[in-house]
Amino acid sequence: PGIAPKVKQALHSSAATCADSEHPIGVFDSGVGGLTILRAVAASLPHEMLLYVADTAYLPYGQKSPDEIRRRARVITRFLVARQVKAIVVACNTATAMAIDALRGEFALPFIGVEPAVKPAFAATRSGVVGVLATPATMDSARFRALVARFGGGARLVTQACAGLAEHIERGELDGEQTEQLLRGFVEPLLCAGADTIVLGCTHYPLVVESVRRIAGPDVTVIENGGAVARELSRQLEQRGLRRTQGEGGRRFHVSGSVAGLRKVLTALGETNLGVESLPEDR
Ligand code: DGL
């Protein structure tokens, strides 16, 4: 349903011709998970203005239907396109798995997604067993199955869908007894299965990477992939002549849920003095 081919064509060409290196970059996630990607992007592209959308009113994406996730991805993309972003980072494994193909089909700007780092994990494992922690929706997706089929030859993959973990992190509960217990329940079955390499397949999970490392012990490699996303974004901007190479960069946040709630968790994550505004209601 929706947009007629001609209108779509016009939207595509105008977006393509209007892009400018001075324009901002959009980044979105269901909550603060994408911050792990935003930090990597800000470190490698320090001159860019980054507009971050935290869709906390709809968190957790990992326990939503594919249709609902695609609907939210479209709403956020329209919001960012109206602010003239030159590229969008889908800083969420779940939204990438469920929505990035649809977004690429509908909007003419570059979308950079994030997927569980299965390929480097298979290259790193010595025991031949790789563990993946991700949301239930990511685990269920055809895209995840295809990723495993593409890179999984030769090693065994054990998966753990972590229902409830993203919400827990979103409340700013990054350490303490309860977090430790919840994480143990997810990580220990992977260790029992012989995994010596664990992939953090949700952008929220690197926010508790120290606890995962402590539980897993020194012989287990824990893999996250913010750096790879930042490199891919940089490459795509460069290719299109859209990389901003001077001037001050910055970040601005929009949130669909509570502004105070986002500020609180950002503060717990050591991010202060940030502009946070409400995401306008979609009509
Ligand atoms: N941060 C998201 C991801 O990378 C999902 C968290 C959620 O379930 O909302 O998958």
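Refer to the structure above for everything that follows.
What comes next is a walk through the structure.

## So, the overall build of the chain
Here is step 1 of the chain: If you tally the helices and strands in the chain, you get 12 helices and 10 strands.
Here is step 2 of the chain: Computed over C-alpha atoms, the radius of gyration of the chain comes to 19 Å, within 12% of the 19 Å expected from 2.2 N^0.38 for 283 residues, which places it in the range of a compact globule.
Here is step 3 of the chain: Dimensions of the chain, computed from the C-alpha atoms along their principal axes, are close to 55 × 40 × 40 Å.
Here is step 4 of the chain: By the burial criterion, 50% of the 283 residues in the chain qualify as buried.
Here is step 5 of the chain: Put simply, of all contacts in the chain between residues at least 6 apart along the chain, 76% involve residues at least 24 apart.
Here is step 6 of the chain: Total accessible area on the chain stands at roughly 12700 Å², and carbon and sulfur atoms take up 50% of it.
Here is step 7 of the chain: Here the chain contributes 32 positive and 29 negative side-chain charges, whose respective centroids are spaced 5 Å apart.

## Details of unusual backbone geometry
Here is step 1 of the chain: Cis geometry marks the peptide bond from leucine 59 to proline 60, where omega comes out at 5 degrees.
Here is step 2 of the chain: In this structure, proline 60 sits in the loop between strand 2 (49–54) and helix 3 (66–82).

## Some remarks on the sheet that holds strand 7 (residues 197–200)
Here is step 1 of the chain: If you walk across this open sheet you meet the 4 strands as 6-5-7-8, and the pairing is parallel. Since the sheet does not close on itself, it has two edges, and those belong to strand 6 (156–161) and strand 8 (221–223), each with one partner. The mean angle between the axes of side-by-side strands here comes to 20 degrees, regardless of whether they run parallel or antiparallel.
Here is step 2 of the chain: Looking at chain direction, strand 5 (residues 129–134) and strand 6 are connected through 6 bridges and run parallel. Note on strand 6: the bridge partner recorded for leucine 133 is glutamine 160.

## Things to note about the sheet that holds strand 1 (residues 25–29)
Here is step 1 of the chain: The strand order across the open sheet built from 6 strands is 4-3-1-2-9-10, with neighbouring strands paired in parallel fashion. Edge positions in the open sheet fall to strand 4 (111–112) and strand 10 (275–278), since each of these has one partner strand only.
Here is step 2 of the chain: Judged from the 4 bridges that link them, strand 9 (residues 250–255) and strand 10 form a sheet pairing that is parallel. Bridging from a neighbouring strand, arginine 252 pairs with glycine 275 of strand 10.
Here is step 3 of the chain: Set on the sheet, helix 12 (residues 259–268) makes contact with strand 2, strand 9 and strand 10; between it and strand 10 the angle comes to about 150 degrees.

## Digging into the nonpolar core
Here is step 1 of the chain: Counting 55 residues, the largest nonpolar core has Leu133, Leu233, Phe253 and Leu262 as its most contacted members.
Here is step 2 of the chain: The element best represented in this core is helix 2 (residues 35–44), accounting for 6 residues.
Here is step 3 of the chain: In this structure, Phe28, Tyr61, Ile88 and Cys92 belong to the second largest nonpolar core, which totals 23 residues.

What counts and what doesn't
Residues numbered from 1 in each chain as written. Predicted model: local features only at pLDDT ≥ 70, side-chain atom pairs only at ≥ 80, totals over all residues. Heavy atoms only, no water. Helix = DSSP H or I, 4+ residues; strand = E, 2+ residues; numbered from the N terminus. Rg over C-alpha atoms; globule rule 2.2 N^0.38 Å. Buried < 20%, exposed > 50% of the residue type's maximum accessible area, 1.4 Å probe, protein only. Contact = heavy atoms within 4.5 Å. Areas by Shrake-Rupley, 256 points an atom, 1.4 Å probe, with all protein chains shown as cover. Lys, Arg positive; Asp, Glu negative; His and termini not counted. Charge placed at Lys NZ, Arg CZ, Asp CG, Glu CD. Pairing = 2+ DSSP bridges. Axes fitted to C-alpha atoms, helices over the stretch in contact; angles between N-to-C directions. Core = buried A, V, L, I, M, F, W, Y, C linked by side-chain atoms within 4.5 Å.

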